[in-house]
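If you want the building blocks of each chain, they are given just below.
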Amino acid sequence: MLNFRGRNRPGSGTSLEGYAGTVEQILAGIGIDPVRARMRTDTGFGWSFQRGSAVIEVFVSQQEGVGYLQVLSPIMHLPINALLPLYRRLLELNLQLTNAAFGVYLDVVYVFSERPLEGLDGGEANTIINMVAAYADDLDDKLVAEFGGRLYAKV
C-alpha cells in the first residue's frame, strides 16, 4: 500500500472523521461496502476496493497538522523492456487527465489524485474518486497490452 503524503490543519473546518464519513457515504452510493473496504492507516482513514480490473485506494489522512484526500490506483507492474516509450506515453496521458496524474513508485505505475481537505465538499470528493477509478479501470489493460508488464490486480 502506498500512501503519498497526508496533512490537515487542526480547526480548519470539518474533522478527519467528518471527511471519512463523507467518503463512506460516497462508497456506499457507488455500491461499495465501506466497512468491508476499510484499511488500517497510521495517519487517518483508508479504504480499498475493486473497480473492474483495478484496485482503488482512498485515504483521508493527516500529518503535521494538514490533511489530504488521496485517491490512487496501482495499475500495473513496469515491463522489463520499453520503459522509455511507456514513460513518454504516461506523460502524454497526464496532459489528457482531469484532476489526476500517472506516477511510478518502485516498479508500479499508479494513477492518483491528491487534494487538500480544506474546502473539500462531498460532490468534489465523489468526482475525484470516480474519475480516478474510471481512469484506472480504462487504462490499465490498454497500457499492459501496449507495453507489456503485468496488471497490478492480477496475481
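Residues numbered from 1 in each chain as written. Predicted model: local features only at pLDDT ≥ 70, side-chain atom pairs only at ≥ 80, totals over all residues. Heavy atoms only, no water.

### Observations concerning the nonpolar core
For step 1, the next point in the chain: Of all hydrophobic cores here, the largest spans 41 residues; its most connected members are V58, L69, F102, V111 and L143.
For step 2, the next point in the chain: When residues of this core are traced back to their parent elements, those giving at least two are α1 (16-29), β2 (44-51), β3 (54-63), β4 (66-77), α3 (83-94), β6 (108-116) and α4 (122-147).
For step 3, the next point in the chain: Ranked by the residues each element gives to this core, the list is headed by α4, at eleven residues.
For step 4, the next point in the chain: Grouped together as the second largest cluster of nonpolar side chains are five residues, M39, L72, V108 and Y110 included. (Core = buried A, V, L, I, M, F, W, Y, C linked by side-chain atoms within 4.5 Å. Buried < 20%, exposed > 50% of the residue type's maximum accessible area, 1.4 Å probe, protein only. Helix = DSSP H or I, 4+ residues; strand = E, 2+ residues; numbered from the N terminus.)

### What about the pattern of salt bridges?
For step 1, the next point in the chain: Evaluated as defined, the whole model comprises five salt bridges.
For step 2, the next point in the chain: A salt bridge links E92 to R88, with the nearest nitrogen and oxygen atoms 3.1 Å apart. Of this pair, E92 and R88 both sit in helix α3, four residues apart, roughly one helical turn.
For step 3, the next point in the chain: Its relative accessible area of 33% is what places E92 among the partly exposed residues.
For step 4, the next point in the chain: D138 is the partner of K142 in a salt bridge, and the nearest nitrogen-oxygen pair spans 3.1 Å. Remark: D138 and K142 occur in helix α4; sequence separation between them is four residues, near one turn of the helix.
For step 5, the next point in the chain: With a relative accessible area of 47%, K142 lands in the partly exposed category. (Salt bridge = Lys/Arg side-chain N within 4 Å of Asp/Glu carboxyl O.)

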